[in-house]
Amino acid sequence: MQFGIFTVGDVTPDPTTGRTPTEAERIRATVAIARKAEEVGLDVFATGEHHNPPFVASSPTTLLAYIAAQTERIILSTSTTLITTSDPVKIAEDFSVLQHLSGGRTDVMLGRGNTGPVYPWFGQDIRQAIPLTVENYGLLRRLWREETVDWEGKFRSALQGFTLAPRPLDDVPPFVWHASIRTPEIAELAAYFGDGFFANHIFWPASHTRELVSLYRRRFAHYGHGTPEQAVVGLGGQVFMRPDSQDAVNEFRPYFDNAPVYGHGPSLEEFTRQTPLTVGSPAEVIEKTLGFREYVGDYQRQLFLIDHAGLPVKTVLEQLDLLGEEVVPVLRREFAKDRPAGTPAAPTHASRLRAREDATDEGDAEAR
């Protein structure tokens, strides 16, 4: 399995001090967090994409390229690339360049976005979100896989004789995850193409995530990509830790109560009972995270949200120390126990390149 963190890039006042970081401070802090994630042994750093305040994550590939220059091992991903309002040609170009700069340490997570005003800013209609997703992704796949593309669709101008430059590194496109919190059509799209499905279940109960992932696994098998157990699944989650559980609750409560995404609603205790949010000791985070497997099966990627709601950078870095030293090593060991032999590993550029080379060698051997 791969373990990592994702950020939404929010600029939120610290409710305990009243101070709001500048946009420059928040961006620099994100870079420091990514570097720390590699230092403590995590596998993935991912960033969202937002084009409205109070967020600064409007140009994910720019940020990830800068981080790539300062890291050596960690996989750099998006936790949302807006396939609905971003042009597929530009997505293809940007991620091909990022692949080359990072040495293949790149994948992409596609999402629709749920902020209504953003759609008209980019000339689109939120009521067309699903058709936009299907059409744009169909074009994106072709751009990464075909030397010359002739294409015509409904939502953008036609392409005639278009060749992507640069081509994907080693002619292996970035691995694609389709992310959704609540939409079964996205699980179906991921299954149809045999891509990964990321259930960002941070706001929903286990029963909802179980249904989405189960649908994806069944349809993955239906389309002939393998057994349901061979489908590639990722999960989101939120944690806040201190060595003492009550200290974690007391410290995090003002951040939870004032968070733009869930503040002023259910209590912290209600939210932790009903969703994957875990506020407590490292042992409690381990226990709850291991429980995810009970309702989604063996899966490939676990990402945690740890840097939101105005938390100070120092606190976030302390969370990373706890993840790297006390949580992830135990999760790696426990998730590996009794893992069925046929369960696929999390995809990487190197593993996908080897798979293509092995398939080519088998084809050559059959031809001889």
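Anything mentioned here points back to the structure above.
Keep in mind it's a predicted model, so treat the numbers as computed, not measured. (Residues numbered from 1 in each chain as written. Predicted model: local features only at pLDDT ≥ 70, side-chain atom pairs only at ≥ 80, totals over all residues. Heavy atoms only, no water.)

A. Spotlight on the overall build of the protein. Secondary structure summary: the protein contains 13 helices and 13 strands in total. Taking 21 Å as the expected radius of gyration for a compact globule of 368 residues, we find that the protein reaches 20 Å, a close match to that expectation. In terms of its C-alpha atoms, the protein occupies a principal-axis envelope of roughly 65 × 50 × 40 Å. Counted over contacts in the protein with a minimum sequence separation of 6, partners at least 24 positions apart contribute 72%. Where the 36 positive side-chain charges of the protein centre and where its 49 negative ones centre are 1 Å apart. (Helix = DSSP H or I, 4+ residues; strand = E, 2+ residues; numbered from the N terminus. Rg over C-alpha atoms; globule rule 2.2 N^0.38 Å. Contact = heavy atoms within 4.5 Å. Lys, Arg positive; Asp, Glu negative; His and termini not counted. Charge placed at Lys NZ, Arg CZ, Asp CG, Glu CD.)

B. Fine view of the sheet that holds strand β1 (residues 2-7). One open sheet accounts for nine strands, arranged β3-β2-β1-β13-β10-β9-β8-β5-β4; its pairing is parallel. Two strands lie at the open edges of the sheet, namely β3 (75-78) and β4 (81-82), each paired on one side alone. With four bridges joining them, strand β8 (residues 175-180) and strand β9 (residues 196-199) adopt parallel strand pairing. By the bridge assignment, W177 is partnered in β9 with G196. Contacting β1 and β2 (44-47), helix α1 (residues 23-39) runs over the sheet at an angle of about 175° to β1. Against the sheet, helix α6 (residues 184-193) touches β8 and β9, its axis set at about 160° to β8. (Pairing = 2+ DSSP bridges. Axes fitted to C-alpha atoms, helices over the stretch in contact; angles between N-to-C directions.)

C. Structural view of the nonpolar core. I5, F197, Y216, F252 and L323 are the most contacted members of the largest nonpolar core, which has 93 residues in total. Among the elements that line this core, the one with the most residues is helix α12 (residues 313-336), at eight residues. Apart from the residues lying within four places of it in its own chain, the contact partners of I5 are I33, A37, L42, V44, F45, A46, L303, F304, I306, L320 and L323. (Core = buried A, V, L, I, M, F, W, Y, C linked by side-chain atoms within 4.5 Å. Buried < 20%, exposed > 50% of the residue type's maximum accessible area, 1.4 Å probe, protein only.)

D. Quick look at helix α10 (residues 282-291). Taken as a whole, α10 has its buried residues at P282, V285, I286, T289 and G291. Where α10 is buried, its residues meet β11 (239-241), β12 (278-280), α11 (293-296), β13 (301-305) and α12.

E. Just the side chain of T12, in detail. If you trace the backbone, T12 turns up in the loop between β1 and α1. Residue T12 is classed as buried on the basis of its relative accessible area, which comes to 7%. Residues in contact with T12, not counting those within four places in the same chain, are R19, P21, P260, A309 and G310.

F. A look at the pattern of salt bridges. Applying the stated criterion to the full structure yields 23 salt bridges. Notably, a salt bridge pairs R142 with E146, separated by 3.0 Å at the nearest N-O pair. Between R242 and E318 there is a salt bridge whose closest N-O contact spans 2.9 Å. Of this pair, R242 sits in the loop between β11 and α8 (245-258) while E318 sits in helix α12; the two residues are 76 residues apart in sequence, bridging distant segments of the chain. (Salt bridge = Lys/Arg side-chain N within 4 Å of Asp/Glu carboxyl O.)

G. Region of the structure containing the packing of α1 against helix α2 (residues 60-68). For the pair α1 and α2, interaxial distance at closest approach is 10 Å and the crossing angle is 50°. With respect to α2, the axis of α1 lies oblique. In the crossing of α1 with α2, the sense of the turn from one axis to the other is right-handed. Residues T30, V31 and A34 of α1 form the contact with α2, whose participating residues are L63, Y66 and I67. Residue classes in the contact of α1 with α2 are distributed as five nonpolar, one polar and no charged. (Parallel < 35°, antiparallel > 145°, perpendicular 65-115°, else oblique. Left-handed = near helix turned anticlockwise from the far one by under 90°. Nonpolar A, V, L, I, M, F, W, Y, C, P; charged D, E, K, R; others polar.)

H. A look at the packing of aromatic side chains. Tallied over the entire structure, the rule returns twelve aromatic pairs. Arranged with centres 5.1 Å apart and planes meeting at 20°, the rings of F240 and F252 form a pair that is stacked. Pair noted here: F240 is in strand β11 and F252 is in helix α8, with a separation of twelve residues, a long-range link. (Phe/Tyr/Trp six-rings, centres within 6.5 Å; stacked < 30°, edge-to-face > 60°.)

I. How the structure looks around α1. Over its 17 residues, α1 extends 25 Å from the first C-alpha to the last, a length consistent with the 24 Å expected when each residue adds 1.5 Å. Here α1 has its buried residues at R26, A29, T30, V31, I33, A34, K36, A37 and E38. Those residues of α1 hidden inside the fold are in contact with β1, β2, α2 and α12. At the C-terminal side of α1, G41 shows a positive phi close to 95°. (Expected span 1.5 Å × (residues − 1).)

J. Representation of empty space enclosed by the protein in the model. By the definition in use, this model includes one cavity of 30 Å³ or more. Its boundaries defined by the atoms lining it, the largest cavity holds a volume of some 40 Å³. Considering the residues around the largest cavity, the lining is formed by I83, L110, G111, R112, T133, H178, A179, I186 and L189. At the level of elements, β5 (107-111), β8 and α6 are the ones that each hand at least two residues to the lining of the largest cavity. The class makeup of the residues in the lining of the largest cavity is five nonpolar, three polar and one charged. (1 Å grid on protein atoms, 1.4 Å probe; cavity = no way out; pocket = protein on both sides within 12 Å on 5 of 7 lines; lining within 4 Å. Points joined across faces, edges and corners; volume = space filled by probe spheres on them.)

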